[in-house]
Amino acid sequence: MLEAANGLEIGRDLTRANTLALPSVAERFWRARSEQDVMHGLRLANEHDWPLTVLGGGSNLLLPPHIAGLTLCPDLDGLSFRAAAGDRVDVEVGAGVVWHTLVEACVERELWGLENLALIPGLAGAAPIQNIGAYGVELGDVLEWVELIDRRDGRRRRLGRDECGLGYRDSVFKRELANRVVITRLGLGLSWRPRPRLDYGALDQRVPPSPSARDVFEAVCAIRREKLPDPVALPNAGSFFKNPVVSRQRADMLAAMHPDMPRYPQPNGDVKLAAAWLIEQCGLKSCRDGAFGVHDRQALVLVHFGGGTLDELLAFADRVAGAVRARFDIALEREPRQAGEPASG
Ligand SMILES: Cc1cc2nc3c(=O)[nH]c(=O)nc-3n(C[C@H](O)[C@H](O)[C@H](O)COP(=O)(O)OP(=O)(O)OC[C@H]3O[C@@H](n4cnc5c(N)ncnc54)[C@H](O)[C@@H]3O)c2cc1C
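As the structure is a computational prediction, the values presented were derived from the model and not from experiment.

Let us look at the overall build of the chain. The secondary structure content of the chain amounts to 6 helices and 21 strands. The C-alpha atoms of the chain give 21 Å as radius of gyration, which agrees with the globular expectation for 345 residues (20 Å, within 12%). The dimensions of the chain, computed from C-alpha atoms along their principal axes, are 65 × 55 × 35 Å. Per-residue burial over the chain gives 50% buried out of 345 residues. Taking the contacts inside the chain whose residues are at least 6 apart along the sequence as the reference set, 62% of them involve residues at least 24 apart. Looking at the chain as shown, the accessible area adds up to about 16,000 Å², and 48% of this sits on carbon and sulfur atoms. Counting 42 positive and 46 negative side-chain charges, the chain places the centres of these two groups 1 Å from one another.

Here the domain parsing of the chain yields domain 1 (2-74), domain 2 (79-227) and domain 3 (236-338). Between domain 2 and domain 3, the C-alpha centre-to-centre distance is 25 Å. With 9 residues of domain 2 at the contact, the number on the domain 3 side is 8 residues. In this assembly, domain 2 packs against domain 3 so that about 850 Å² is buried in total across both faces, 40% of it on carbon and sulfur atoms. Of all residues in domain 2, the largest losses of buried area upon contact with domain 3 belong to Tyr168, Lys174 and Lys227, amounting jointly to 59% of the total for that side. Two residues, Arg169 and Glu335, come together in a salt bridge whose shortest N-O distance is 3.5 Å. Inspection of the region where domain 2 meets domain 3 yields 3 residue pairs in polar contact (both at pLDDT 80 or more).

Here is what the cut-offs are and how they apply
Residues numbered from 1 in each chain as written. Predicted model: local features only at pLDDT ≥ 70, side-chain atom pairs only at ≥ 80, totals over all residues. Heavy atoms only, no water. Helix = DSSP H or I, 4+ residues; strand = E, 2+ residues; numbered from the N terminus. Rg over C-alpha atoms; globule rule 2.2 N^0.38 Å. Buried < 20%, exposed > 50% of the residue type's maximum accessible area, 1.4 Å probe, protein only. Contact = heavy atoms within 4.5 Å. Areas by Shrake-Rupley, 256 points an atom, 1.4 Å probe, with all protein chains shown as cover. Lys, Arg positive; Asp, Glu negative; His and termini not counted. Charge placed at Lys NZ, Arg CZ, Asp CG, Glu CD. Domains from an automatic or database assignment. Buried area = accessible area lost by both parts, 1.4 Å probe. Salt bridge = Lys/Arg side-chain N within 4 Å of Asp/Glu carboxyl O. Polar contact = N/O pair within 3.5 Å; in protein donor to acceptor, adjacent residues only side chain to side chain.

Encoded structure:
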């Protein structure tokens with residue numbers, strides 16, 4: 001790796017900077033530790049007309065062998081708490097803070113709101129991109145605002161929650177603002193008042209009556225450690241596919257043929273299905289093809305045994321999705337984005 005005079009790193013190896021351990025080299029790499037750094041990186045990209053890739057913790061991003069243009073890593077720190085009206089506490093966090101460190105800091109202060117989102121890998125700045133969610137809670141339940149720098153004019157803007165277009169693993173940052181903005185800070189609204197959310201999975205059976213935020217946090221960590229592979233030991237990007245959402249009529253038809261099929265009714269009447277169950281029914285749990293496989297405890301997670309490339313991973317994922325389509329006529333949608341991929345939707 002070379003370091004150019006202006007602090008740009010040339011030819012930075014990112015193989016260890018993505019949890020799938022896909023071999024990848026960034027043509028140019030810029031670590032931004034302040035807003036000014038972000039603005040400087042964006043100015044460089046604009047001046048030279050370089051494509052832009054924003055890289056956080058690399059836990060939800062598919063990296064090609066060569067990333068052209070500028071890869072910008074927003075590494076802004078900062079975490080502050082401010083008591084507001086009633087039982088509310090306003091939290092501000094920099095994009096470079098490790099998400100789990102933020103959750104732990106809130107639980108330590110006995111604040112409620114983030115405990116179900118423990119142990120999600122990655123950095124705070126990436127959390128709004130796919131509106132991270134787990135155990136019945138999504139970022140959108142507590143997000144107040146997002147601060148960002150827009151590549152188009154180099155200016156700082158603040159978007160309120162409603163402007164972020166949050167949905168199931170979706171936001172405006174995957175669509176209209178994809179590859180265009182760098183998130184620098186988030187504002188969250190948490191609470192001193194106990195508000196345990198235990199209605200998902202077996203969480204209610206894993207905590208004592210009237211649990212503290214720490215009880216819930218520890219139960220979530222324990223369940224996740226039992227179910228999910230640690231990317232350090234077995235590289236992966238968490239769920240590779242979104243859970244498909246179908247109309248109630250379609251879900252009823254499928255349930256008539258498969259009475260044990262899990263179904264999660266949505267507020268708008270649609271029904272969310274479990275992609276992991278669909279994959280399992282195709283007999284693909286634990287299957288392996290070359291460098292990639294379906295995890296043996298969680299069929300939604302594709303794992304990398306080493307020596308594979310992005311193209312091989314995408315071909316393997318296509319085979320998994322193809323098997324589900326052939327058996328259930330349901331199209332699985334990929335969850336992690338590919339670096340440089342055009343906006344969805
Ligand atoms: C084992 C495992 C378990 C997981 N469990 C969950 C889970 O329970 N729920 C869940 O929702 N996700 C889960 N994930 C996915 C992942 O952890 C989250 O999506 C996380 O928010 C990604 O953070 P990151 O910093 O690694 O982002 P990256 O992977 O680096 O980037 C993800 C996307 O966000 C963009 N991006 C990153 N930072 C910024 C920024 N500051 N400004 C603008 N764009 C940015 C990138 O360009 C990319 O498109 C899991 C992943 C793994 C490996």
